[in-house]
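One letter stands for each residue in the lines below.
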Amino acid sequence: QVQLVESGGGLVQAGGSLRLSCAASGRTFSTASLGWFRQAPGKEREFVAVMSKSGGTKYYEDSVKGRFTISKDNAKNTVYLLMNSLKPEDTAVYFCAAQWGGTYAYTPRRGNEYNYWGQGTQVTVSS
């Protein structure tokens, strides 16, 4: 059974950095589209960053471009989200997601296109 386990969330000061990790068991990330989403109180879950199955294509939500970086380590079967220059508006529960079975030519950016999800990790940025 596929399981995604997240870690790395916490409380940080504005301008600080966090590195979120999501480790998978059951299937390899080398054949998966991978993504990070977040949900703030009172808001819908939103796209943050996604990466194609090959790792060659990445998309970022406009507000995090230049600050966040999605990456993966196939040997460790782990996907990361490095978050720099954090702002209070980044406060949310962050979820990692994976999709298997789709085409290599398409990178999904909507949550309902992903098959598996982690439990979420809280990121709180104080001002």
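For the structure itself, look to the data block above.
A short tour of the structure in this document, coming up. (Residues numbered from 1 in each chain as written. Predicted model: local features only at pLDDT ≥ 70, side-chain atom pairs only at ≥ 80, totals over all residues. Heavy atoms only, no water.)

## As for the overall build of the protein
And then number 1: Secondary structure assignment for the protein yields zero helices and eleven strands.
And then number 2: Along the protein, helices (α) and strands (β) appear in the sequence β-β-β-β-β-β-β-β-β-β-β when read from the amino end.
And then number 3: On C-alpha atoms alone, the protein measures out to a radius of gyration of 14 Å, which is about the 14 Å that the 2.2 N^0.38 rule sets for 127 residues.
And then number 4: Each principal axis of the C-alpha atoms in the protein carries an extent, and together these give about 40 × 25 × 25 Å.
And then number 5: Going through the 127 residues of the protein one by one, you find that 42% of them count as buried.
And then number 6: Of all intrachain contacts in the protein linking residues separated by at least 6 positions in sequence, the fraction that spans at least 24 positions is 60%.
And then number 7: Total accessible area on the protein is roughly 6400 Å²; 45% of this is exposed by carbon and sulfur atoms. (Helix = DSSP H or I, 4+ residues; strand = E, 2+ residues; numbered from the N terminus. Rg over C-alpha atoms; globule rule 2.2 N^0.38 Å. Buried < 20%, exposed > 50% of the residue type's maximum accessible area, 1.4 Å probe, protein only. Contact = heavy atoms within 4.5 Å. Areas by Shrake-Rupley, 256 points an atom, 1.4 Å probe, with all protein chains shown as cover.)

## Re unusual backbone geometry
Working note: non-glycine residues mostly have negative phi, and peptide bonds are mostly trans.
And then number 1: For asparagine 77, which is not a glycine, the phi torsion comes out positive at approximately 55 degrees.
And then number 2: Within the element layout of this structure, asparagine 77 appears in the loop between β7 (68–73) and β8 (78–83).
And then number 3: The exposure class assigned to asparagine 77 is buried, which follows from its relative accessible area of 12%.
And then number 4: A positive phi angle, near 50 degrees, is found at serine 85, a position not held by glycine.

## A look at the sheet that holds strand β3 (residues 18–25)
And then number 1: Taken together, four strands build an open sheet; the order of strands is β1-β3-β8-β7 and the sheet is antiparallel. Each of the sheet's edge strands pairs with one partner strand only, and the pair in question is β1 (3–7) and β7. Direction aside, the axes of adjacent strands within the sheet are offset by 15 degrees on average.
And then number 2: With six bridges joining them, β3 and β8 adopt antiparallel strand pairing. Considered in β8, the bridge of leucine 18 is made with methionine 83. (Pairing = 2+ DSSP bridges. Axes fitted to C-alpha atoms, helices over the stretch in contact; angles between N-to-C directions.)

## Observations concerning the pattern of salt bridges
And then number 1: Under the definition given, this model contains five salt bridges.
And then number 2: Glutamate 61 is paired through a salt bridge with arginine 38; the nearest N and O atoms lie 4.0 Å apart. In this pair, glutamate 61 is assigned in the loop between β6 (58–60) and β7 and arginine 38 in strand β4 (residues 33–39), connecting sequence segments 23 residues apart.
And then number 3: Between lysine 65 and aspartate 62 there is a salt bridge, with the nearest N and O atoms lying 3.1 Å from each other.
And then number 4: Salt bridges here are not isolated pairs; linked through shared partners, they connect Arg38, Glu46, Glu61, Arg67 and Asp90. (Salt bridge = Lys/Arg side-chain N within 4 Å of Asp/Glu carboxyl O.)

## As for the packing of aromatic side chains
And then number 1: Per the counting criterion, the structure on display carries six aromatic pairs.
And then number 2: Geometrically, the ring pair formed by phenylalanine 37 and tryptophan 117 is tilted, given 5.1 Å between the ring centres and 55 degrees between the ring planes. Of the two residues, phenylalanine 37 sits in strand β4 while tryptophan 117 sits in strand β10 (residues 116–117), which places them 80 residues apart along the sequence.
And then number 3: Among the residues examined, phenylalanine 37 registers a relative accessible area of 1% and is labelled buried.
And then number 4: Judged by relative accessible area, tryptophan 117 falls into the partly exposed class, the value being 27%.
And then number 5: Here the guanidinium or amino end of arginine 19 rests over the ring plane of tyrosine 80, the centre of that ring lying 3.9 Å away.
And then number 6: The ring centre of tryptophan 117 lies 4.6 Å from the NZ or CZ of arginine 45, which sits over that ring. (Phe/Tyr/Trp six-rings, centres within 6.5 Å; stacked < 30°, edge-to-face > 60°. Lys NZ or Arg CZ within 6 Å of the ring centre and 35° of its normal.)

## So, the nonpolar core
A general trend in soluble globular proteins is that nonpolar side chains are found buried together.
And then number 1: Of all hydrophobic cores here, the largest spans 30 residues; its most connected members are Phe29, Trp36, Leu81, Met83 and Tyr94.
And then number 2: Counting residues in each nonpolar core, the second largest holds five residues, with Phe47, Val50, Ala97 and Tyr114 among its members. (Core = buried A, V, L, I, M, F, W, Y, C linked by side-chain atoms within 4.5 Å.)

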